[in-house]
Amino acid sequence: MATIDLGKHGAHGSAPVNDDRPYHERYQAAHHFVDREHEFDAVKMGVWLFLSTEVLLFSGMFVAYAIFRMMYPDAFLSGSAHLDYRWGLLNTVVLLLSSYTVAAAVRHAQTGNQKWLQINIILTFIAGLIFLTIKGVFEYYKKYSEGLLPGKFYSYPYAENVPYEPLWWGIYWGATGIHASHVIVGMGLFAWLYVRSRKRHFGPGHYNAVEGVGLYWHIVDIVWIFLFPMLYLIH
Amino acid sequence: MTSQAQPHAEHFDAHGHKDHGHTIVSVATLRTVLALLLFFTLLTVGATLVEVWIADTFNVLIPQWVNVFVALSIAAVKTVIVVMFFMQLKYDSPLNTMIFVFTLLTVCFFLGFTVLDLGNRGTIDRFKEGHILRGGTGLGTGMPITQSSKIAAVTNQTYDEHLAHHAHHGPRLPITEAGYVSKVPLAGSSAQRSKPVQGITLEGLSVPAAQTEDEHGEGPAH
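Residues numbered from 1 in each chain as written. Chains lettered and ligands numbered in written order. Predicted model: local features only at pLDDT ≥ 70, side-chain atom pairs only at ≥ 80, totals over all residues.

**Section: the overall build of chain A**
1) Next: Secondary structure summary: chain A contains 7 helices and 0 strands in total.
2) Next: Written out in order from the N terminus, the α and β elements of chain A read α-α-α-α-α-α-α.
3) Next: Computed over its C-alpha atoms, the radius of gyration of chain A comes to 22 Å, more than 25% above the 18 Å expected for a compact globule of 235 residues.
4) Next: By principal-axis analysis of the C-alpha atoms, chain A measures approximately 75 × 30 × 25 Å.
5) Next: Expressed as a percentage of the 235 residues in chain A, the buried residues total 42%.
6) Next: Of the contacts made within chain A by residues no fewer than 6 positions apart, 72% connect residues no fewer than 24 positions apart. (Helix = DSSP H or I, 4+ residues; strand = E, 2+ residues; numbered from the N terminus. Rg over C-alpha atoms; globule rule 2.2 N^0.38 Å. Buried ≥ 20, exposed ≤ 12 C-beta atoms within 10 Å, placed from the backbone. Contact = placed C-beta atoms within 7 Å.)

**Examining the overall build of chain B**
1) Next: For chain B, the helix and strand inventory stands at 4 helices and 3 strands.
2) Next: For chain B, the sequential pattern of α-helices and β-strands runs β-β-β-α-α-α-α.
3) Next: A burial count over chain B gives 12% of its 222 residues as buried.
4) Next: Taking contacts inside chain B between residues at least 6 apart in sequence as the whole, the part at least 24 apart equals 34%.

**Notes on the nonpolar core**
1) Next: In terms of nonpolar packing, the biggest core is built from 74 residues, with Ala105(A), Trp168(A), Val210(A), Val223(A) and Leu227(A) touching the most fellow members.
2) Next: When residues of this core are traced back to their parent elements, those giving at least two are α2 (36-71), α3 (73-80), α4 (85-111), α5 (114-146), α6 (165-198) and α7 (208-232) of chain A together with α1 (27-57) and α2 (64-86) of chain B.
3) Next: When residues of this core are assigned to their parent elements, the largest contribution, 16 residues, is made by α7(A). (Core = buried A, V, L, I, M, F, W, Y, C linked by C-beta atoms within 7 Å.)

**As for the environment of Gln110(A)**
Residues and elements named next belong to chain A.
1) Next: Turning to its location among the elements, Gln110 is positioned in helix α4.
2) Next: Judged by local crowding, Gln110 falls into the buried class, with 25 C-beta atoms found within 10 Å.
3) Next: Separated by 89 residues in sequence, Gln110 and Arg21 have C-alpha atoms that sit 17 Å apart.

**Quick look at α6(A)**
1) Next: Its 34 residues give α6(A) an end-to-end C-alpha distance of 49 Å, which sits within 8% of 50 Å, the value for a rise of 1.5 Å per residue.
2) Next: Arg200(A) sits one or two residues past α6(A) and shows a positive phi near 60 degrees. (Expected span 1.5 Å × (residues − 1).)

**Considerations on α1(B)**
1) Next: With 31 residues, α1(B) should reach 45 Å at 1.5 Å per residue; the first-to-last C-alpha distance of 44 Å fits that figure.
2) Next: All of the buried residues in α1(B) are Leu30(B), Val33(B), Leu34(B), Leu37(B), Thr41(B), Thr44(B) and Val45(B).
3) Next: Looking at the packing, one finds that the buried side of α1(B) touches α4 and α7 of chain A together with α2 of chain B.
4) Next: Just beyond α1(B), the residue with positive phi is Asn59(B), at close to 55 degrees.

**Concerning the interface of chain A and chain B**
1) Next: Each partner contributes residues to the interface: chain A has 54 residues there, and chain B has 53 residues.
2) Next: Here the element with the most residues in the side of chain A that touches chain B is α2(A); it accounts for 16 residues.
3) Next: By residue class, the composition of the side of chain A that touches chain B is 31 nonpolar, 15 polar and 8 charged. (Nonpolar A, V, L, I, M, F, W, Y, C, P; charged D, E, K, R; others polar.)

**Looking at the packing of α3(A) against α6(A)**
Residues and elements named next belong to chain A.
1) Next: For the pair α3 and α6, the least separation of the axes is 8 Å and the interaxial angle reads 65 degrees. Considering only the axes of α3 and α6, their crossing is right-handed. Between α3 and α6, the residues in contact are Ala75, Phe76, Ser78 and Gly79 and Glu165, Leu167, Trp168, Trp169 and Tyr172, respectively.
2) Next: Class assignment of the residues belonging to the contact of α3 with α6 gives a composition of 6 nonpolar, 2 polar and 1 charged. (Axes fitted to C-alpha atoms, helices over the stretch in contact; angles between N-to-C directions. Left-handed = near helix turned anticlockwise from the far one by under 90°.)

**Remarks on unusual backbone geometry**
All names here are of chain B.
1) Next: Within the chain, Asn59 stands out as a residue other than glycine whose phi angle is a positive 55 degrees.
2) Next: Relative to the elements of secondary structure, Asn59 occurs in the loop between α1 and α2.
3) Next: Owing to 7 C-beta atoms within 10 Å, Asn59 belongs among the exposed residues under this scheme.
4) Next: One non-glycine residue, Gln88, lies in the positive phi region at around 60 degrees.

**Re the environment of Thr101(A)**
Residues and elements named next belong to chain A.
1) Next: Relative to the elements of secondary structure, Thr101 occurs in helix α4.
2) Next: Classification of Thr101 as buried rests on a count of 23 C-beta atoms within 10 Å.
3) Next: Sequence separation of Thr101 and Leu117 is 16 residues, and the distance between their C-alpha atoms is 9.3 Å.
4) Next: Not counting residues within four places of it along the chain, the set of residues in contact with Thr101 comprises Asn120, Leu123, Thr124 and Ala127.

**Concerning the environment of Ser155(A)**
All names here are of chain A.
1) Next: Looking at the element boundaries, Ser155 is found in the loop between α5 and α6.
2) Next: On a C-alpha basis, the gap between Ser155 and Pro166 in space is 9.1 Å, while along the polypeptide they are 11 residues apart.
3) Next: Look past the residues within four positions of Ser155 in its chain and what remains in contact with it is Gly147 and Leu149.

**Examining the confidence of the model for chain B**
All names here are of chain B.
1) Next: Confidence in the prediction for chain B averages 69 pLDDT; 46% of positions are at 70 or higher.
2) Next: Averaged pLDDT values over the elements of chain B bottom out at 44 in strand β1 (residues 12-13) and peak at 94 in helix α3 (residues 94-119).
3) Next: Confidence drops under a pLDDT of 50 for residues 131-145, and excluding neighbours within four residues, the segment shows 22 contacts in the predicted structure.
4) Next: Segment residues 217-222 is flagged for pLDDT under 50; beyond a separation of four residues in sequence, or across chains, it makes 12 contacts in the model.
5) Next: Scoring the predicted complex yields pTM 0.73 and, for the interface, ipTM 0.86. (pLDDT = per-residue confidence, 0-100.)

Right under this line is the structure:
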């Protein structure tokens, strides 16, 4: 796109009419910011504020979990026994690795390493895909086919006399479902990032989007770090 | 195109080099954090397996809060290192740290007061304890309420036996059996005066004489 000489707002001085520099070099901050630094700090703070709302969203689920676990501990014990902690462990490892690749992607954007930036974005996307596959095929489908569904949909044929187990399943499906939907949204964001990185939008001077999506993905990972022991490791 | 030629000089610090004032976290730091995260994950799983093993081998009942406390503290440590290094909050403006810390504080208030309340419901009125609330009408199971309440009654009984080792005061009796109502009829008593009866053994009721009236010398409670 043709650059507009914004006078004192031009980050690197006035630009020539035909600017062949990559996007991340030509990028000029929105005019209400002093410079790119200012915009970057503002973007970061905005993302952190959004992450606060995400943390509070998940805290609602966690408090519901705490209430029902305190009221019906046996239901949680027997319900958790249906979960295989090894799938949960595998999912945790996958998400931790994806956290590493996303931090590496930010680093590569900072150093201007376009190739590895793209590779790491793809790796993070694939990690999300693996997570959803494990969850969907080995956990969700299995639970669904056994009738271990929340609340009034509970129809497990071998149910023992544990009265409130459908409540546990409500907590399980609700918490992991909301988390999985956040993973899906994250994967969409990484697809968007990949397309932009192919167009060389990101570089040392401009990588706001990579940073922001990375922060979001880390919160998703942190939530799973808490969900895993709370759901799978109840004894 | 990979513009390493910055307009100003880069100065190196302990964790990497600075660029436009942004800290670039070094690869060594990232890999160390990843290794720590994987280690703590295995530690969490290991702690649970060890707990189960101890409970099975030595036949001890480990209270649930031990499990929760260990799991949550390890998760908290993992969260801190993810936030500080992967999310680079350590190298960031302190304002973002304040935002995050106050969010966590809010969550702590939310969770803490809820748990405090729920955990102490039974302190004054025992019947308000959370796990006494049982039964329910079986709504949603598709059964008529008369049938589901019968199932609930049986379920509650087995649930109580199941929970007996958790109970602080032993298995709970229905209110008619808990000693509030005297089983033995009081002969010779009238509405104005109750006379203690001793030495009567009725068929099927082997109630010792001391139990024919409660401690206030009164008859059956209404």
